[in-house]
Amino acid sequence: MTLQFNDETFRDDYSFHNSERAIKRFPFPFHEDSYMYSVNMEQHRGGPADSVYEKRFDVDEHYVAEMRDRALVLADDPLRCQSLPHMTLAGWDLLELIMVSKSEDYPDLFELHRDGNNWRWINKPLGIDDSFVFLDETTLPYGPMEYITRQTQGDFCVLDQRDDNLWMDAGIVTTQADWSLDFDIGMNFFEWHAPVPLAHEKGIFVRALKFLLNIQQGAPARRLNWTMTVNPLLDTSPENYHKWGVQKTTLTPENIGAKQHLRVELQTFFRLPRSNALVFPIRCYLCSFQDLMTVPKWGRRLHRVVRDLPEELATYKGFIDNRPMMLDYLSDFDDGLPTSAGI
Ligand code: HEM
């Protein structure tokens, strides 16, 4: 189908909105009435037609607006994009992966023409038509990772693999759930996960790392993660906490349906060919409570999950203070029926 791109913002007047189609394909993350961390990994081999899992890199109605927002964040804070010197080859690997995937998966939007190392990339939604020499940095306006991820929704961490661990040695992070690339750069898998409650003692990170170290080229994996955000903000970074943290206090029983958003991350994992690095795209999907409630089984289930979530998780995810107001709102949509009962 032909995509219409929304003219919308993720700041100031918050004109972000989801169409009916976007709500229908929203990756609601709960497969039961309660939630606890787990090693919820599966193969990323596509999915139902028009679902967010169908393509390797989902492009949706928010694409152009998200790229505009990323450019604003980077103009304000260039440290949101960093690549240690040994990661440039991985950046080229990533550029190739995204250009090949997008041009194959969305031929009406993206074209890649290759003649040896002379490449031409056409990105119609963003009005880009660039020719460059693959593996020659001087022929692009940015480094290869930055060039292609300024044109791709979601944050990206590019992990070097050595000493049986993964190291956050490159990334572009402008749409994150309250963590900082500048703080985490150079850290390993256990170090950057240190703040997460309850998961270390359950052995989740040891098992997850084992899985990730063994991901092979051509066999990507995925998982979902979620949190809550007041207002449809993409940039909920520690760097800008002074701007968005206070917005959590603006929630009222009257505006909660429109302002409170469930924030879901579709996280994927791809092995890169030349560098053997692992790339970790984190794609953020936002949906307001009032839009979620248009699907009755989501309303019922979200109420139960939020109600029964351990205090440590509600605190870590930053909504412990607003939880009672959320529950007041959500309980109206929970009729007590089993959520397995279809609609
Ligand atoms: C949170 C990065 C893979 C489980 C986080 C955080 C970062 C991160 C930066 C935020 C930590 C903070 O509070 O500062 C990554 C990267 C990965 C990766 C780069 C890929 C190499 C995984 C995997 C799992 C996992 C495979 C589990 C199967 C979690 C959990 C949280 C978390 C449970 C807490 C999220 C929440 O409650 O919202 N991760 N992660 N991560 N990560 Fe990962």
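Residues numbered from 1 in each chain as written. Predicted model: local features only at pLDDT ≥ 70, side-chain atom pairs only at ≥ 80, totals over all residues. Heavy atoms only, no water.

Caption draft 1: Local environment of the overall build of the protein. Counting secondary structure elements, the protein contains 13 helices and ten strands. Relative to the 2.2 N^0.38 estimate, which gives 20 Å for 343 residues, the radius of gyration of the protein is 20 Å and therefore close to what a compact globule would have. Referenced to the eigenvectors of the C-alpha coordinate spread, the extents of the protein come out at roughly 60 × 45 × 40 Å. Evaluated residue by residue, the protein yields a buried proportion of 56% over its 343 residues. Of the roughly 15200 Å² of accessible surface on the protein, a fraction of 52% belongs to carbon and sulfur atoms. (Helix = DSSP H or I, 4+ residues; strand = E, 2+ residues; numbered from the N terminus. Rg over C-alpha atoms; globule rule 2.2 N^0.38 Å. Buried < 20%, exposed > 50% of the residue type's maximum accessible area, 1.4 Å probe, protein only. Areas by Shrake-Rupley, 256 points an atom, 1.4 Å probe, with all protein chains shown as cover.)

Caption draft 2: Just the sheet that holds strand β7 (residues 165-172), in detail. Here seven strands make up an open sheet; going across it, the order is β1-β8-β9-β10-β6-β7-β2 and the pairing antiparallel. The open sheet has two free edges, formed respectively by β1 (42-43) and β2 (81-83), since each of these has just one partner strand. As defined by bridge partners, strand β9 (residues 260-271) adjoins strand β10 (residues 278-288) across nine bridges and the pair is classed as antiparallel. What sits directly across from Phe 270, in β10, is Val 279. Taken strand by strand, helix α7 (residues 204-213) contacts β1, β6 (155-162), β7, β8 (221-230), β9 and β10, and its axis lies near 75 degrees from that of β7. (Pairing = 2+ DSSP bridges. Contact = heavy atoms within 4.5 Å. Axes fitted to C-alpha atoms, helices over the stretch in contact; angles between N-to-C directions.)

Caption draft 3: Expanded view of the pairing of β8. Taken across its ten residues, β8 has ten buried, putting it largely inside the fold. Residues of β8 alternate between two faces, with Ala 221, Arg 223, Asn 225, Thr 227 and Thr 229 on one and Arg 222, Leu 224, Trp 226, Met 228 and Val 230 on the opposite face, all of them buried. The pairing of β1 with β8 spans two bridges and is antiparallel. The residue bridging Gln 43 from the neighbouring strand is Ala 221, located in β8. In this sheet, β9 lies alongside β8 in antiparallel orientation, the contact comprising ten bridges. Directly across from Thr 227, in β9, lies its bridge partner Arg 263.

Caption draft 4: Structural detail: the site of the ligand. The local shell around the ligand holds 25 residues, among which Tyr 37, Trp 192, His 193, Tyr 316 and Lys 317 are the closest. One nitrogen or oxygen atom from the side chain of His 193 is found 2.8 Å from a nitrogen atom belonging to the ligand. Those elements that provide at least two residues to the shell around the ligand are β6, β7, α6 (189-192), α7 and β8. Of the residues that constitute the shell around the ligand, the class distribution is 19 nonpolar, three polar and three charged. (Near = heavy atom within 4 Å. Polar contact = N/O pair within 3.5 Å; in protein donor to acceptor, adjacent residues only side chain to side chain. Nonpolar A, V, L, I, M, F, W, Y, C, P; charged D, E, K, R; others polar.)

Caption draft 5: Focus on unusual backbone geometry. In this model, Asp 178 sits at a positive phi of 60 degrees, which is unusual for a non-glycine residue. Inspection of the secondary structure puts Asp 178 in the loop between β7 and α5 (181-184). Taking the relative accessible area as the measure of exposure, Asp 178 reaches 40% and is therefore partly exposed. For Leu 198, which is not glycine, the phi dihedral falls at a positive 65 degrees. Position of Leu 198 relative to the elements: it lies in the loop between α6 and α7.

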